Structure formats: C-alpha cells, structure tokens
Amino acid sequence: MVDFLVDVAQYGNVRLSDATEERILDDLREAAAGLFDAPLRSVAVVGGASEALGQLALMTARTGGDVLLVASDFPSVTYPWLVARERFGTVVRWAEDDPGRDLTAALVDGIQNGTTAVCFSAVQFATGSLVDVGEVVQRAHAVGARVIVDVTQMAGAMAVSLRSWSADALVCSGYKWLSTHGGVALLVVADELLQGVPPIVGWKGTQHPFQFEPTTLALATDARRFELSTIAYSSAAGLSTSIELLTGVGFPALARHAEALARELVAATEPRGWTPFRDLDAPGASHHIVSLRHPTLPAPAIQARLAEEHQVLVSSRGGGIRVSLHAYNDSSDIDALVDAMGNASRSSHPFR
C-alpha cells in the first residue's frame, strides 16, 4: 500500500496510464473469485460494503414483497431495507439472535410465502452467531426469495463459498478479517443479477471506462457493471496481498487457531463469571468472535477500563465484551486479556 501511494504521489499518470488503471483491479477480482469460490465474472470491487448492500436492496425491493432481517445485525445490512420500506412499501420482518436458539433455525422459520429477500450477516458482528447459509438459501429459494449475505465478519477467518451456498449475492468489507484498510470492498453476484441494470451507475461500470462515451450506456457484461468510480487503489493493493497471505495459511488452519484461543479464553474467564453468548460447542457458534457476558458487570465500563488502563483493545457490542481472534493473536494475548479483565472487574465492582 505504501509503495503504491509513494509511486502515485511521485509519478502520477506517468506510471498510471488509462490502460493501466482500467486493469488495475484485475488481480484483486481474480483473488476474490478464489477467496469466495465464485466465477470471475461474478466479482466486483467497490468502495464499501454499504455501497454494495444499498445497490442490492434497491434492485430487489422494487419487486415488492417482504424482506427478512436479523434485528441485531450490523446497520449497513438493515438500513437500506428501512429506506425501501419508506420508498417502496417493502414489508420488513425480523429474526432474533437469541442465545437459546440457533439463528439459522430462526431465519429458516421466518421465511414464508411472499418473502422476496433474506439479508443477513453470516457471522453476527456483536455475538459471533454463525448462520448455515446454505440451509437458509435452500429454504429461501423454495419460495422464490433472493438471499444477500454480508460475509464481512467471516471472510478471512473461515471458508466462504458462493458455489456451494448458491446465494444470490455476497458482500464483504476489506478492513475486517481480510485485514486491509478502509476504502475497498468486494461484491459477488449470481448470474441472474448480472442481467439487471444497477440502480446507481458510474463511469467505471462500463465495458471500457476510458472510452468516455457520455451519450451511450454500454455497461460491462460482468459484475464490473456495479463498480462506480475511482476507489482507494492503495487499499485494493493491500487487499490483494492480504488475500494471498491468508489463503496461503489456509482457512482450516486459521479456524483451528481461533478455536484453540477461544477455548483458552472461555476456560479462563468462566470462573470469573463471564460466559459466552453461545456455548462454543453449540450449533451456530463461531470461534473467531466470542462475546462474553457477566451477570452484574457492565460491558461498556469494562471495555473502557481495558483500553484506558491496560491497553487491551476489545469492543463493547450488544451488551457483551466482544473478543476478536485472528492469526496474529496467540496465548499471550489471552493471558493479558484475562489478567486485565480481572483487574478491571475488581475496580468496576459496586462492592469494592
């Protein structure tokens, strides 16, 4: 990323010609196709996940019917449908992420005749709840509904497969588990969506963007038609490199590493009164996001103390302490977190 920025800052279009820029995202599209087990024609590179989710919601909501969402999902997943409710009269229904029930079952049971779309995160950002995407797709397609899946909290930590899931679209930010910077995201769409005209069209969405034909709309025949404009090319360069690194390690190895750390974390914190949102062995539990809850201690206060007093960075999300585990973490991180949580808990307890 730094090399790209320095090169462009010094030399500009001397080294970034129109022809070069037209092809500048080709390597990333190819890497993303492998990452998502999807055809190359299905992959677009966009500026952010919200951009892609908004496009997909607008394309789908105009057909009427209702959409099924998760009530505690990340707002980027739900907001476009709330707009569709105001603009097109889309009926919005909600599934609950309840620790006493598998979220996959809640989504499957929520799909009914008249459902035209199901949109959700494959791994929930606040709780780590994991959805069996293929099972939801099977039920949704049986009633003619599209399935749009945000894999931002999954890709880079676990395997993702458009081919085996048969989902209609996948969306993924680059700056989470894929470990690059903001300003780049990935969109993968099934063939049916490639036949439609995106609700928002930009100059980069044409077959040959640098031909500059303002009076003729010649959209790309593949998913590039969803690409709007110049994006953070340096972030795209970082994402290509990161995908290469992560796939080189292998997602089974990454998942095993996260699970081992998650089990260390839960074993060390349960005696102190902290329990995970879902048991690690329960259906629908991911291992790279663990949300710890305490019956008396407030998560926001503990999270703040961990950051301010111990320089341990976790998040306070949905009433829990969210611990995100990735390849660069090891057991020493778990030990530091557990010790810091013990100190923060003692100083936060109302009777101490």
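Just above sits the structure.
The sections below set out a description of the structure shown in this document.

Reading the values: the criteria
- Residues numbered from 1 in each chain as written.
- Predicted model: local features only at pLDDT ≥ 70, side-chain atom pairs only at ≥ 80, totals over all residues.
- Heavy atoms only, no water.
- Helix = DSSP H or I, 4+ residues; strand = E, 2+ residues; numbered from the N terminus.
- Expected span 1.5 Å × (residues − 1).
- Buried < 20%, exposed > 50% of the residue type's maximum accessible area, 1.4 Å probe, protein only.
- Arc of directions from axis to C-beta.
- Core = buried A, V, L, I, M, F, W, Y, C linked by side-chain atoms within 4.5 Å.
- Contact = heavy atoms within 4.5 Å.
- Salt bridge = Lys/Arg side-chain N within 4 Å of Asp/Glu carboxyl O.
- Patch = residues over 30% accessible without salt bridge, like charges linked within 9 Å, V, L, I, M, F, W, Y side chains within 5 Å.
- Areas by Shrake-Rupley, 256 points an atom, 1.4 Å probe, with all protein chains shown as cover.
- Lys, Arg positive; Asp, Glu negative; His and termini not counted.
- Charge placed at Lys NZ, Arg CZ, Asp CG, Glu CD.
- Pairing = 2+ DSSP bridges.
- Axes fitted to C-alpha atoms, helices over the stretch in contact; angles between N-to-C directions.
- Polar contact = N/O pair within 3.5 Å; in protein donor to acceptor, adjacent residues only side chain to side chain.
- Left-handed = near helix turned anticlockwise from the far one by under 90°.
- Nonpolar A, V, L, I, M, F, W, Y, C, P; charged D, E, K, R; others polar.
- Right-handed = clockwise from strand over helix to strand, strands pointing away.

A few points about helix H12 (residues 299–310)
Inference 1: Counted at 1.5 Å a residue, the expected span for H12 with its twelve residues is 16 Å, and the 15 Å between its end C-alpha atoms agrees.
Inference 2: If you check which residues of H12 are buried, you get Ala299, Ile302 and Leu306. With its buried residues spanning 65 degrees around the axis, H12 presents them on a single face.
Inference 3: At the C-terminal side of H12, Gln311 shows a positive phi close to 55 degrees.

Side note on the nonpolar core
Inference 1: Ranked by size, the top nonpolar core spans 55 residues in total, and within it Phe36, Leu107, Phe120, Val149, Val151, Leu170 and Leu186 carry the most contacts.
Inference 2: Setting aside residues no more than four positions away along its own chain, Phe120 makes contact with Val70, Asp73, Val77, Leu107, Val131, Val133, Val136, Val147, Ile148, Val149 and Asp150.
Inference 3: Listed in part, the 27 residues of the second largest apolar core include Val46, Met59, Leu69 and Ala169.

Digging into the pattern of salt bridges
Inference 1: Counted by the stated rule, this structure contains 13 salt bridges.
Inference 2: Measuring nitrogen to oxygen at the nearest pair gives 3.4 Å for the salt bridge that ties Asp66 to Arg93. With a gap of 27 residues between them, Asp66 in strand S2 (residues 66–70) and Arg93 in strand S3 (residues 91–95) connect regions that are remote in the sequence.
Inference 3: The partner of Asp109 in a salt bridge is Arg101, and the shortest N-O contact between them spans 2.2 Å.
Inference 4: The class for Arg101 is partly exposed, based on a relative accessible area of 38%.

Considering a negative patch on the surface
Inference 1: A contiguous patch of negative charge on the surface is contributed by Glu264, Asp330, Asp333, Asp335 and Asp339.
Inference 2: The biggest single contributor to the negative patch is helix H13 (residues 331–348), with three residues.
Inference 3: Mapped onto the elements, Asp330 comes out in the loop between strand S11 (320–324) and H13.

Description of the environment of Val118
Inference 1: With respect to the helices and strands, the residue Val118 is situated in strand S4 (residues 115–121).
Inference 2: Given the relative accessible area of 0%, Val118 is considered buried.
Inference 3: Counting along the chain gives 51 residues from Val118 to Val67, while the straight-line C-alpha distance between them is 5.5 Å.

Quick notes on helix H3 (residues 26–35)
Inference 1: Taken as a whole, H3 has its buried residues at Leu28, Arg29, Ala32, Ala33 and Leu35. Along the long axis of H3, the arc covered by the buried residues comes to 160 degrees, so they all point the same way. Facing away from the buried surface of H3 by more than 90 degrees, the exposed residues are Asp27, Glu30 and Gly34.
Inference 2: Where H3 is buried, its residues contact strand S1 (43–46), strand S7 (185–189), helix H10 (233–249) and helix H11 (251–269).
Inference 3: Just downstream of H3 lies Asp37, where phi reads positive at about 50 degrees.

Here's the deal with the sheet that holds S1
Strands belonging to one sheet form pairs held by backbone hydrogen bonds; the direction of such a pair is parallel or antiparallel.
Inference 1: Taken together, seven strands build an open sheet; the order of strands is S1-S7-S6-S5-S4-S2-S3 and the sheet is mixed. With one partner strand each, in any of the chains shown, S1 and S3 form the two edges of the open sheet. Strand after strand, the sheet turns through a mean of 20 degrees between neighbouring axes, direction not considered.
Inference 2: Examined bridge by bridge, S4 and strand S5 (residues 146–150) share five bridges and lie parallel to one another. When the bridges of S5 are listed, Cys119 appears paired with Ile148.
Inference 3: Helix-sheet contacts for H3 involve S1 and S7, and the interaxial angle to S1 is about 120 degrees.

Focus on the side chain of His288
Inference 1: Tracing the sequence through the fold places His288 in the loop between strand S8 (275–276) and strand S9 (289–293).
Inference 2: Residue classification places His288 among the buried residues on the basis of a relative accessible area of 3%.
Inference 3: At 2.7 Å, the side chain of His288 forms a polar contact with the backbone oxygen of Gln153.
Inference 4: Apart from the residues lying within four places of it in its own chain, the contact partners of His288 are Val123, Gln153, Met154, Ala157, Met158, Trp177, Ala258, Val323, Ser324 and Leu325.

Focus on the packing of helix H4 (residues 49–61) against helix H5 (residues 75–88)
Inference 1: Running from N to C, H4 and H5 cross one another at 35 degrees; their axes reach a closest spacing of 9 Å. In the packing of H4 onto H5, the handedness of the crossing is right-handed. In contact with Ser50, Leu53, Gly54, Ala57, Leu58, Thr60 and Ala61 of H4, H5 contributes Ser76, Val77, Pro80, Trp81, Ala84, Arg87 and Phe88.
Inference 2: When its residues are assigned to classes, the contact of H4 with H5 shows nine nonpolar, four polar and one charged.

Quick look at the pairing of S5
Inference 1: Of all five residues in S5, five are buried; the element is thus mostly enclosed.
Inference 2: Neither face of S5 is left uncovered, since the one carrying Arg146, Ile148 and Asp150 and the one carrying Val147 and Val149 both have all their residues buried.
Inference 3: Viewed along the sheet, the connection from S4 through helix H7 (residues 133–142) into S5 turns out right-handed.
Inference 4: Bridging between S5 and strand S6 (residues 169–173) involves three bridges; their strand directions are parallel.

By themselves, these observations are geometric and do not establish any function.
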